[in-house]
Amino acid sequence: EAEAENSERLQRIQQVCHRYNLGLYKHSAGPPKFKHPPTPQYSVFYIDREHKLTWCPIYKAASSTWLYNLCLLAGYSEEYIAENHKQINQLAREAFPELDHTEAEEAFHSTLKLMVVRHPFERLLSAYRDKLENTRIGSEQGTAHFYLKYGSRIVAKFRQGGNGTRTQSLLKPGQYLWDPQLPEPAGFEPTFKEFVRYLIDVDVILYSDDHWIPFYLFCTPCLLNYDIISKVETMLRDQVYVIRAAGLQGLIRPRWKHKTYSEDGKETSRRYFSQLSKQEVKRLYEKYKLDFELFDYKVDDYLQYATA
């Protein structure tokens, strides 16, 4: 089942890239329908030449799980990973440093190439909730850094009254989900609506954090022949398939670190997307349209969650 579905996913990528005249599938001298990188950015990949596995890290799409798997493949024990003070991406990068262009290109020919994706809107919502919603929690997620770099500017630009207006005064009950066991946001963080207005306004090609850059810009599936496209929505089944296809049985096992996807996630999405107008959802979709088409995701539910 996983193998058949993977073939369909890979075929869909080829069809969409061809439709828009992109990358390896460019078929006319005319301009591509989307701005697209001319070459892959090899520096972002984690390449394990010993186990012949290359992975493109899309953050907020099971990235913690695959960073953990890579650390195990590098020879770190689970105890060492748990007790080490370094972030897991730092450990993984030390084990698998960036390769120069020639080395990376060579490695790409002899490794299984993996990309893990997630519904683009679910990823954006997860990034917002982890990084920008509450500066009083999530220091290990870098919330202070994200507030200084993005949150404060978003509020200054998109909120009437700026930081003089408390976040809580802009939200209606049922438009957010805060854990009652944890401190409430300080009141100067951006709302999800303000974050979305920022994404609509900014050029995501030139100015984008790794947590919300479009998949097609970061992992360039129109420029590389991936072997496996895994999805968060079929995460555990796909992991079993990847482990078998890469011959990694006995070295890693299916797991889910820092899981934020769940079946009741629809209720969470409904709450946050109810902050938006249908027009805002449509404009956000346009920013990520190619990701939706490449990986067969739909926007319909989110339009229904939005207000008129």
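Residues numbered from 1 in each chain as written. Predicted model: local features only at pLDDT ≥ 70, side-chain atom pairs only at ≥ 80, totals over all residues. Heavy atoms only, no water.

As annotated in an unreviewed UniProt entry, the protein is Carbohydrate sulfotransferase from Zootermopsis nevadensis. Here the protein is described in UniProt, under the heading Subcellular location (unreviewed entry), as follows: "Golgi apparatus membrane". Recorded in UniProt for the protein, the comment headed Sequence similarities (unreviewed entry) runs: "Belongs to the sulfotransferase 2 family." (UniProt positions renumbered as here; feature names shortened; annotations may be inferred.)

Trainee: Describe in detail the overall build of the protein, supporting the description with residues and values.
Mentor: Helices and strands together make up the secondary structure of the protein, namely 14 helices and four strands. Its C-alpha radius of gyration of 20 Å places the protein within 12% of the 19 Å reference for a compact globule of 308 residues. With respect to the three principal axes, the spread of C-alpha positions in the protein is 55 × 55 × 35 Å. Within the protein, buried positions represent 52% of all 308 residues. Within the protein, counting contacts between residues at least 6 apart in sequence, those at least 24 apart form 73% of the total. A gap of 6 Å separates the mean positions of the 41 positive and 40 negative side-chain charges of the protein. (Helix = DSSP H or I, 4+ residues; strand = E, 2+ residues; numbered from the N terminus. Rg over C-alpha atoms; globule rule 2.2 N^0.38 Å. Buried < 20%, exposed > 50% of the residue type's maximum accessible area, 1.4 Å probe, protein only. Contact = heavy atoms within 4.5 Å. Lys, Arg positive; Asp, Glu negative; His and termini not counted. Charge placed at Lys NZ, Arg CZ, Asp CG, Glu CD.)

Trainee: I'd like a rundown of the packing of helix α1 (residues 2-19) against helix α10 (residues 235-245), residues and numbers included.
Mentor: Contact geometry of α1 with α10 gives a least axis separation of 10 Å together with a crossing angle of 95°. Our classification of the angle between α1 and α10 gives roughly perpendicular. Along the contact surface, α1 presents Ala2, Glu3, Glu5, Asn6 and Arg9, while α10 presents Arg237, Asp238 and Tyr241. Class assignment for the residues of the contact of α1 with α10 results in two nonpolar, one polar and five charged. (Axes fitted to C-alpha atoms, helices over the stretch in contact; angles between N-to-C directions. Parallel < 35°, antiparallel > 145°, perpendicular 65-115°, else oblique. Nonpolar A, V, L, I, M, F, W, Y, C, P; charged D, E, K, R; others polar.)

Trainee: Now, about the side chain of glutamine 275: what can you tell me, with residues and values included?
Mentor: For glutamine 275, the location among the structural elements is in the loop between α11 (265-273) and α12 (278-287). There is a polar contact of 3.3 Å between the side chain of glutamine 275 and the backbone nitrogen of phenylalanine 192. With residues near it in sequence (within four places) discarded, glutamine 275 still touches Leu171, Gln175, Thr191, Phe192, Lys193 and Glu280. (Polar contact = N/O pair within 3.5 Å; in protein donor to acceptor, adjacent residues only side chain to side chain.)

Trainee: Could you give an account of the pattern of salt bridges, naming the residues involved and the relevant values?
Mentor: Tallied over the full model, the rule gives 19 salt bridges. For the salt bridge of aspartate 296 with arginine 12, the shortest nitrogen-to-oxygen distance reads 3.7 Å. Placement of aspartate 296 in the loop between α13 (289-294) and α14 (300-305) and of arginine 12 in helix α1 is noted, with a sequence separation of 284 residues between them. Judged by its relative accessible area of 28%, arginine 12 falls in the partly exposed class. One salt bridge in this structure joins glutamate 103 and arginine 49, with 3.6 Å as the shortest N-O distance. (Salt bridge = Lys/Arg side-chain N within 4 Å of Asp/Glu carboxyl O.)

Trainee: Account for the state of the cysteines, with residues named and values stated.
Mentor: Under the criterion given, the structure shown has two disulfides. Through a disulfide, cysteine 56 is tied to cysteine 219; the S-S separation comes to 1.9 Å. Negative torsions about the S-S bond denote left-handed disulfides, and the value of about -90° found for cysteine 56 with cysteine 219 makes this one left-handed. Pair noted here: cysteine 56 is in strand β2 (residues 53-56) and cysteine 219 is in the loop between α9 (215-218) and β4 (228-231), with a separation of 163 residues, a long-range link. Summarising the burial analysis for this pair, cysteine 56 and cysteine 219 share the class buried. With cysteine numbering restricted to those in disulfides and following the sequence, the protein has the pairing 1-4, 2-3. (Disulfide = S-S within 2.5 Å.)

Trainee: Tell me about helix α5 (residues 101-110), and name the residues and values.
Mentor: Listing the buried residues of α5 in full gives Ala104, Ala107 and Phe108. Taken end-on, α5 shows its buried residues confined to a sector of 105°, consistent with a single buried face. Residues Thr102, Glu106 and His109 are exposed on α5 and point more than 90 degrees away from its buried face. The N-cap residue of α5 is aspartate 100: its side-chain oxygen and the backbone nitrogen of threonine 102 are 3.2 Å apart. (Arc of directions from axis to C-beta.)

Trainee: Talk me through the environment of proline 254; I want residue IDs and the actual numbers.
Mentor: Its location among the elements puts proline 254 in the loop between α10 and α11. Taking the C-alpha atoms as reference points, proline 254 and glutamine 239, separated by 15 residues in sequence, lie 5.6 Å from one another. Excluding anything up to four places from it in sequence, proline 254 contacts Leu236, Gln239, Val240 and Ile243.

Trainee: Help me get a handle on the pairing of strand β3 (residues 112-117), residues and values and all.
Mentor: Each regular strand displays side chains that alternate between the two surfaces of the sheet. Counted residue by residue, β3 has six buried out of six residues, so it is predominantly covered. Judged by which residues are buried, β3 turns out to be covered on both faces: Leu112, Leu114 and Val116 on one side and Lys113, Met115 and Val117 on the other are all buried. Pairing of β2 with β3 involves four bridges; the strand directions are parallel. Within β3, the position partnered with threonine 54 by the bridge is lysine 113. (Pairing = 2+ DSSP bridges.)

Trainee: Provide a residue-level description of the domain arrangement of the protein, including the pertinent values.
Mentor: In terms of domain boundaries, the protein breaks down into domain 1 (1-120 + 212-246) and domain 2 (122-209 + 263-291 + 299-305). Taking only C-alpha atoms, the centre of domain 1 and the centre of domain 2 are 26 Å apart. Facing 18 residues of domain 1, the contacting portion of domain 2 comprises 23 residues. Interface area, domain 1 with domain 2, both sides summed: about 2200 Å², of which 64% is carbon and sulfur. (Domains from an automatic or database assignment. Buried area = accessible area lost by both parts, 1.4 Å probe.)

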